[in-house]
Amino acid sequence: MPASPLADFPVAHRWPATDPSVIQLYSFPTPNGVKVSIALEELGLPYEAHRVTLDDADVKSDAFVSLNPNGKIPAIVDPDGPGGQPLGLAESGAILLYLAEKTGRLIGEGAADRHRITQWVMFQMGHVGPMFGQLGFFVKFKGAEVQDPIPRERYIGEAKRILGILEAELEGREWIVGDYSIADIAIAPWLRGLDFYGARELVCWADHPNVVAYLDRFLARPAVQAGLAVPPREAPDA
């Protein structure tokens, strides 16, 4: 019997595969996590999802850190990577680009589109995610206990600035670059996260009608709805 293509990945021993021939997703339904499950659903790629919680016992475990030294979800192992060899990959933006290039879909119609889409994926990774994530920390999570108002106001201001950029970019457009792409899959889950953080009013969400309509279009997609629930937030036996 041939060895499993996942045999060299310790993460696959901690979270065993039912079908080692398909992409293995190690994730949790955060804005970063659902980017990858949504992309897999949109692309119709066979995959198996493993619930890796944000607890240190999971994301900081030796098994998971062997796949992502940064100890953050999501991560994947593709048993059929470049040259037919298994590939482990972390960082949600990198995974989106990999899946789009693997399939030749959701990446535009030519080189110029591809670079513009990559630009907006990088914008999400460098600005939307970090700024919105810090906003959530200071509004909803432990940072809300900090009495100094400066950090909270800084991230409220940055979130407003970013929403203004997106509002202008979406004027007269359905999607951020031409047709629906991985740029939208990168950005929109973080926009949805503002509601989870209880921050919509703080950032004047309703004053950005292009962004509001954009998120509604995104959430109406069946593959998006499927991907948002993968893997489940609660353990199956919870």
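Use the structure listed above.
It should be emphasised that the depicted structure is a prediction, and the values quoted were computed from it without experimental measurement.

Concerning the packing of helix α6 (residues 111-139) against helix α8 (residues 182-196)
Running from N to C, α6 and α8 point in directions that differ by 15°, and their axes come no closer than 8 Å. For the element pair α6 / α8, the angle class is roughly parallel. Both α6 and α8 take part in a crossing whose hand is left-handed. Residues Ile-117, Trp-120, Val-121, Gln-124, Val-128, Gly-129, Phe-132, Gly-133 and Leu-135 of α6 form the contact with α8, whose participating residues are Ile-182, Ala-183, Ala-186, Ile-187, Trp-190, Leu-191 and Leu-194. Class assignment of the residues belonging to the contact of α6 with α8 gives a composition of 13 nonpolar, 3 polar and no charged.

A closer look at the side chain of Ser-92
As for its position among the elements, Ser-92 is in helix α5 (residues 92-103). You can call Ser-92 buried: its relative accessible area is 3%. One polar contact links Ser-92 to Lys-35, side chain to side chain, over a distance of 2.8 Å. Not counting residues up to four positions away in its chain, the partners in contact with Ser-92 are Asn-32, Lys-35, Val-36, Pro-74 and Met-125.

Thoughts on the layout of surface pockets
What the largest pocket holds in volume is close to 1,100 Å³. Along the walls of the largest pocket sit 34 residues, with Thr-30, Pro-31, Asn-32, Leu-54 and Trp-190 positioned nearest its centre. Those elements that place two or more of their residues in the lining of the largest pocket are α2 (31-43), α3 (56-59), α6 and α8. For the lining of the largest pocket, the leading source of residues is α6, giving 7 residues. Classifying every residue of the lining of the largest pocket by side-chain character gives 16 nonpolar, 11 polar and 7 charged.

Some thoughts on the packing of aromatic side chains
If you walk through the whole model with that rule in mind, you get 11 aromatic pairs. With a centroid separation of 5.1 Å and an interplanar angle of 85°, the aromatic rings of Phe-137 and Phe-138 are classed as edge-to-face. Classification of Phe-137 as partly exposed rests on a relative accessible area of 33%. When its relative accessible area of 14% is taken as the criterion, Phe-138 is described as buried.

Examining a nonpolar patch on the surface
Together, Phe-137, Phe-141 and Phe-196 make up a nonpolar patch on the protein surface, roughly 290 Å² of accessible area in all. Tracing the backbone shows Phe-141 in the loop between α6 and α7 (149-169).

A closer look at α7
Spanning 21 residues, α7 covers 31 Å between terminal C-alpha atoms, matching the ideal 30 Å at 1.5 Å per step. Tyr-155, Ile-156, Glu-158, Ala-159, Ile-162, Leu-163, Leu-166 and Glu-167 are the residues of α7 that are buried. Looking at the packing, one finds that the buried side of α7 touches α6, α8 and α9 (209-219). N-capping of α7 is provided by Asp-148, with a side-chain oxygen placed 2.9 Å from the backbone N of Ile-150.

Focus on the sheet that holds strand β3 (residues 75-78)
Sheet architecture is open: 4 strands sit in the order β2-β1-β3-β4, paired in mixed fashion. If you trace the sheet from one side to the other, it starts and ends with β2 (47-51) and β4 (87-90), each paired once. Adjacent strand axes in the sheet meet at a mean angle of 15° when their direction is disregarded. Relative to β4, β3 runs antiparallel, the two being bridged by 4 bridges. Pairing of Asp-78 across the sheet is with Leu-87, part of β4. The strands touched by α5 within the sheet are β1 (23-27), β3 and β4, with β4 carrying the most contacts at an inclination of about 135°.

A short note on the nonpolar core
Formed by 60 residues in total, the largest nonpolar core has its most connected members in Leu-99, Phe-132 and Leu-191. Take this core: its biggest share by element is 10 residues, from α6. Excluding its chain neighbours within four sequence positions, the residues that come into contact with Phe-132 are His-127, Ala-159, Ile-162, Leu-163, Trp-190, Leu-191, Leu-194 and Tyr-197.

Quick look at the pattern of salt bridges
What the rule picks out here adds up to 8 salt bridges. Taking the shortest distance from any N to any O, the salt bridge between Lys-102 and Asp-78 comes out at 2.9 Å. Remark: Asp-78 occurs in strand β3 and Lys-102 occurs in helix α5; sequence separation between them is 24 residues. With a shortest N-O distance of 3.4 Å, Glu-145 and Lys-142 are connected by a salt bridge.

Rules used throughout
- Residues numbered from 1 in each chain as written.
- Predicted model: local features only at pLDDT ≥ 70, side-chain atom pairs only at ≥ 80, totals over all residues.
- Heavy atoms only, no water.
- Axes fitted to C-alpha atoms, helices over the stretch in contact; angles between N-to-C directions.
- Helix = DSSP H or I, 4+ residues; strand = E, 2+ residues; numbered from the N terminus.
- Parallel < 35°, antiparallel > 145°, perpendicular 65-115°, else oblique.
- Left-handed = near helix turned anticlockwise from the far one by under 90°.
- Contact = heavy atoms within 4.5 Å.
- Nonpolar A, V, L, I, M, F, W, Y, C, P; charged D, E, K, R; others polar.
- Buried < 20%, exposed > 50% of the residue type's maximum accessible area, 1.4 Å probe, protein only.
- Polar contact = N/O pair within 3.5 Å; in protein donor to acceptor, adjacent residues only side chain to side chain.
- 1 Å grid on protein atoms, 1.4 Å probe; cavity = no way out; pocket = protein on both sides within 12 Å on 5 of 7 lines; lining within 4 Å.
- Points joined across faces, edges and corners; volume = space filled by probe spheres on them.
- Phe/Tyr/Trp six-rings, centres within 6.5 Å; stacked < 30°, edge-to-face > 60°.
- Patch = residues over 30% accessible without salt bridge, like charges linked within 9 Å, V, L, I, M, F, W, Y side chains within 5 Å.
- Areas by Shrake-Rupley, 256 points an atom, 1.4 Å probe, with all protein chains shown as cover.
- Salt bridge = Lys/Arg side-chain N within 4 Å of Asp/Glu carboxyl O.
- Expected span 1.5 Å × (residues − 1).
- Pairing = 2+ DSSP bridges.
- Core = buried A, V, L, I, M, F, W, Y, C linked by side-chain atoms within 4.5 Å.

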